[in-house]
Amino acid sequence: MKEQLESLNSVTINFGEGGMMLVNIILAFVMFGVALGIKPRTIKDVVKKPKSIITGIVLQWVALPAITFAVAMILSPLITPMIALGMILVASCPGGNISNFLSSLSKGNIMLSVSLTAITTTMSPIITPINFFLWGSLYSHFISIKSEIPLLIIPFFPMLIQILLLLGLPIVLGLLFAHYFPSATKKIIKPSQALSVMLFIGMVIVSFAQNFQIFIDNIFYVFFIVMLHNGVALATGYFGGKFAKLPQNDIKTMTIETGIQNSGLGLILLFNPAIFPPEIWHGHYGGMLFITAWWGIWHIVSGLCVASYFRRKL
């Protein structure tokens with residue numbers, strides 16, 4: 001399995017200078033659209049119901065990355081370092097917007113879902129690079145000792161600065177636009193979010209088209225790893241909510257929020273050579289790309305299944 005997955009590392013995606021500018025514009029547009037849906041009442045929700053909000057934040061920012069690190073270490077004899085780092089990158093991303101729809105479908109606490117998505121998205125320019133650097137560096141350190149492979153040094157501050165610029169600025173602009181132009185926001189929020197999804201899907205298809213056969217050859221292994229990781233994420237949310245003794249509707253939402261990650265964001269970050277410099281990663285991080293891309297597909301399937309089960313049984 002490990003030898004088979006090594007073939008993924010040879011995959012490189014080079015957009016060129018003009019293409020990279022287009023990717024950055026798409027990312028900025030996506031984050032601007034996400035920010036349009038963030039409401040100021042989120043802060044009030046935190047004050048009124050701090051237990052569920054704090055539990056959700058701890059599960060997403062601390063528990064999920066830590067448990068992902070543990071799973072990656074357990075699987076290290078079977079997977080490549082780039083696959084493991086792809087798992088850690090996904091766990092470092094904020095919750096995905098589809099989690100709000102899935103929470104509603106499951107008859108969970110929709111306001112809790114919206115609040116958690118808003119908080120994790122707003123803080124993602126800081127939390128995502130910190131978590132990826134922390135757990136990615138820790139994994140690289142342990143695996144280099146265990147397997148005698150070269151230690152990978154993840155550049156933290158260049159990554160932080162780039163992500164702050166690429167994510168932070170569009171989020172701030174989106175928040176300001178939603179605050180000062182509420183009427184216009186209501187008109188453009190749904191079209192902008194739909195357009196951003198279409199642009200992202202198109203970009204992914206174009207990016208991976210020339211490497212489609214490699215993906216097909218490894219689909220079984222990639223599918224197994226993502227399914228296992230996503231299952232662990234969903235279980236982290238469910239049992240974390242149970243341990244905190246949250247209401248049943250909040251546990252539903254906690255499960256979905258922790259199991260639905262904005263892996264699309266992680267994929268776009270991987271496309272950016274300023275964040276993942278080729279000279280540091282030796283141009284070979286295809287394993288991260290495929291794990292992150294497939295997560296974006298699979299968590300929709302698993303999320304719909306879990307939400308449907310919650311709706312019928314709980």
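Refer to the structure presented above.
Given the structure is predicted, the values throughout are model-derived calculations rather than measurements. Position numbers for residues count from 1 along each chain, tracking the sequence in the order it is written. A pLDDT threshold of at least 70 governs which residues receive local features in this predicted model, and a stricter bar of 80 or more applies before side-chain atom pairs are shown or counted, although totals over entire chains, interfaces and linings include all residues. Excluded from the side-chain calculations are hydrogens and water; all other atoms, namely the structure's heavy atoms, are used.

## Some points on the overall build of the protein chain
Selection rule: The helix count covers DSSP runs of H or I at least four residues long, the strand count covers runs of E at least two residues long, and both are numbered beginning at the N terminus. Note on definitions: a residue-residue contact is assigned when non-hydrogen atoms from the two residues lie within 4.5 Å. Per-residue accessibility takes into account occlusion by the displayed protein chains alone, with areas from the Shrake-Rupley method and a 1.4 Å probe.
Check the secondary structure of the protein chain and you find 14 helices and 0 strands. Reading the protein chain from its N terminus to its C terminus gives the helix and strand order α-α-α-α-α-α-α-α-α-α-α-α-α-α. Excluding contacts between residues fewer than 6 apart, the proportion of contacts in the protein chain whose partners are at least 24 apart in sequence is 86%. When the accessible surface of the protein chain is summed, it comes to about 14,300 Å², and 73% of that surface belongs to carbon and sulfur atoms.

## Description of the environment of P182
Here is the rule we go by: Each residue's exposure class comes from its accessible area (1.4 Å probe, protein chains only) as a fraction of the maximum for that residue type: buried when under 20%, exposed when over 50%, partly exposed otherwise.
Along the polypeptide, P182 turns up in helix α9 (residues 182–208). With relative accessibility at 42%, the residue P182 sits in the partly exposed group. Separated by 146 residues in sequence, P182 and L36 have C-alpha atoms that sit 9.2 Å apart.

## Notes on the nonpolar core
The condition that has to hold: In this text, buried Ala, Val, Leu, Ile, Met, Phe, Trp, Tyr and Cys residues form a nonpolar core when linked through side-chain atoms within 4.5 Å.
Core analysis: the largest hydrophobic core is formed by 52 residues, its most contacted members being L27, F132, Y139, F276 and M288. The set of elements that each furnish at least two residues to this core consists of α2 (16–36), α4 (50–75), α5 (81–92), α7 (110–147), α8 (156–180), α10 (212–243), α12 (263–271) and α14 (286–313). In terms of residue count, the dominant contributor to this core is α5 (9 residues). When near neighbours in sequence (up to four residues on either side) are disregarded, Y139 contacts F69, A72, M73, S76, T80, P81, A84, L85 and I88. By size, the runner-up hydrophobic cluster in this structure holds 11 residues, among which are L59, L112, L246 and M254.

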